[in-house]
Amino acid sequence: MRMTLRIWLLLPFAAAACQQAPKADKAAVSEPQAVTTPSNGHALRLDTAACTLIWIGTKPTGEHKGSFQFQGGEIFVNDSTVTGGNFTINIASLRNLDLHAQPDMKRQLEDELKGANFFDAGQYPTAKFEVTEVTPYHPAATDNSVLLKDATHMIRGNLTMKNATKNITFPAKIVMENGKVRAAANFNIDRTQWGMTYRADKSLQDKLINSVVNIQFELITR
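Cut-offs and rules
Residues numbered from 1 in each chain as written. Predicted model: local features only at pLDDT ≥ 70, side-chain atom pairs only at ≥ 80, totals over all residues. Heavy atoms only, no water. Helix = DSSP H or I, 4+ residues; strand = E, 2+ residues; numbered from the N terminus. Buried < 20%, exposed > 50% of the residue type's maximum accessible area, 1.4 Å probe, protein only. Contact = heavy atoms within 4.5 Å. Areas by Shrake-Rupley, 256 points an atom, 1.4 Å probe, with all protein chains shown as cover. Lys, Arg positive; Asp, Glu negative; His and termini not counted. Charge placed at Lys NZ, Arg CZ, Asp CG, Glu CD. Salt bridge = Lys/Arg side-chain N within 4 Å of Asp/Glu carboxyl O. 1 Å grid on protein atoms, 1.4 Å probe; cavity = no way out; pocket = protein on both sides within 12 Å on 5 of 7 lines; lining within 4 Å. Points joined across faces, edges and corners; volume = space filled by probe spheres on them. Nonpolar A, V, L, I, M, F, W, Y, C, P; charged D, E, K, R; others polar. Expected span 1.5 Å × (residues − 1). Arc of directions from axis to C-beta. Core = buried A, V, L, I, M, F, W, Y, C linked by side-chain atoms within 4.5 Å.

A. Layout of the overall build of the protein. When helices and strands are counted, the protein shows 2 helices and 11 strands. Listing every helix and strand of the protein by position from the N terminus yields α-β-β-β-β-β-β-α-β-β-β-β-β. For the C-alpha atoms alone, the extent of the protein along its principal axes is close to 75 × 45 × 35 Å. Here the protein, with 222 residues, has 40% of them falling under the buried criterion. Of the contacts formed within the protein by residues at least 6 apart in sequence, a portion of 65% connects residues at least 24 apart. Total accessible area computed for the protein in this model is approximately 12800 Å², and 52% of it derives from carbon and sulfur atoms. Distance from the positive charge centre (24 side chains) to the negative charge centre (21 side chains) of the protein: 5 Å.

B. Region of interest: the pattern of salt bridges. Summed over the entire model, instances satisfying the criterion amount to 7 salt bridges. A salt bridge links Lys106 to Glu110; its shortest N-O distance comes to 2.9 Å. You can see Lys106 and its partner Glu110 sitting in helix 2 (residues 103-114), 4 residues apart, about one turn around the helix. Across the pair, Glu110 and Lys106 agree in class, each one buried. Between Glu218 and Arg182 there is a salt bridge whose closest N-O contact spans 2.7 Å. Within this pair, whereas Glu218 is found in strand 11 (residues 212-220), its partner Arg182 is found in strand 10 (residues 180-190), the two being separated by 36 residues in sequence. The class for Glu218 is partly exposed, based on a relative accessible area of 27%.

C. Summary view of the environment of Met105. Within the secondary structure layout, Met105 lies in helix 2. Residue class for Met105 comes out partly exposed when judged on its relative accessible area of 43%. When the C-alpha positions of Met105 and Asn210 are compared, they lie 19 Å apart, and in sequence the two are 105 residues distant.

D. Quick peek at empty space enclosed by the protein. Evaluated as defined, the whole model comprises 1 cavity of 30 Å³ or more. Empty space within the largest cavity amounts to approximately 130 Å³. Around the largest cavity, the lining comprises 15 residues; the ones closest to its centre are Phe87, Ile155, Ile174, Ala183 and Leu219. Among the elements of the structure, strand 6 (81-96), strand 7 (126-136), strand 9 (164-177), strand 10 and strand 11 are those that each provide at least two residues to the lining of the largest cavity. Class assignment of the residues belonging to the lining of the largest cavity gives a composition of 14 nonpolar, 1 polar and no charged.

E. Main features of helix 2. In this model helix 2 runs 16 Å from its N-terminal to its C-terminal C-alpha over 12 residues, within 8% of the 16 Å that 1.5 Å per residue would give. Within the sequence span of helix 2, burial applies to Lys106, Leu109, Glu110 and Leu113. Down the axis, helix 2 shows its buried residues gathered within 95° of arc, on one side only. Exposed residues on helix 2 whose side chains face more than 90 degrees from its buried face are Asp104 and Gln108. Against the buried residues of helix 2 lie strand 4 (52-59), strand 5 (62-78) and strand 6.

F. Summary view of the layout of surface pockets. Counted as a void, the largest pocket has a volume near 860 Å³. Around the largest pocket, the lining is made up of 41 residues, and of these Trp55, Gly57, Leu113, Phe119 and Val213 lie nearest the centre.

G. Inspection of unusual backbone geometry at higher detail. Even without glycine at this site, Asp120 takes up a positive phi of about 50°. With respect to the helices and strands, Asp120 occurs in the loop between helix 2 and strand 7. Owing to a relative accessible area of 16%, Asp120 belongs among the buried residues under this scheme.

H. The arrangement of the nonpolar core in detail. Of all hydrophobic cores here, the largest spans 45 residues; its most connected members are Phe70, Phe170 and Phe187. Leave out the neighbours within four places in its chain, and Phe70 touches Leu46, Thr48, Cys51, Thr52, Leu53, Phe87, Thr88, Ile89, Phe217 and Leu219.

I. Examining the environment of Gln102 more closely. With respect to the element layout, Gln102 can be found in the loop between strand 6 and helix 2. For the pair formed by Gln102 and Ala140, sequence separation is 38 residues and the distance between their alpha carbons is 47 Å.

Shape is all these values report; function is a separate question.
This is how it looks when you write it as C-alpha cells:
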C-alpha cells in the first residue's frame, strides 16, 4: 500500500517532466548564407496587421503561449512564383496569451522574456528573417519526413536574433490568390543556437525551460 501511494504521488511530476514542445517539423540550422535580392519580378509588402506570429515555450510544469508583431517586410514574386523575402519582427511587441487571468504573472513573464536572459529587447529591439532560397516541395507517396499539412515549399533563410545569425530550413505552405501571397509554417527551433541558454540545462529538472520553442506564423501581403 505504501509503495502504491508513493507511485501515485510521483505520477504528476513524471507527467509534467514529459512536457515538450508541440509536435512540428524541426528547423534545420546551419551557418548564414548569402542573401541576394531577386532581379526579376516585384515585391509585395506585408499586411502587418493581418500577419500573425505565435510562439509556444514549455517547461516541466506546463507551457506558455505568446505572440510577436511583424514590423515590416516584403515577399518577392516573379509571375506566380515566390523567389525571396525579408521580414522584421518587433521584439518589444512580445505578449503572453495565456495568463490574462493572472496579470502580475503575465507582466512578469513578458518582462523576463524581453530581458537580457532571453531576447534583450532593450539592446536588440528587432529580429530579422531574410530568405536565401525557396524551393518547391513535392512529397513522395511514402515521404513522412515533413509534418506540415499541405506543405508546398521548403524555405531557407537567415534568422537574426540578438547578435547571432543562423540559416534555418523549414517547410511552408505558400498560396497566391488575387495577386496576394499567403504563407504559413509551423516548426520548432532551439533557442540556444542564438545564445539564449538561460535555464536550458536539463540537470535543472523542474527549473528547466525547454530549449526547443515552437513557432507558428501566417504571412499575408497587401
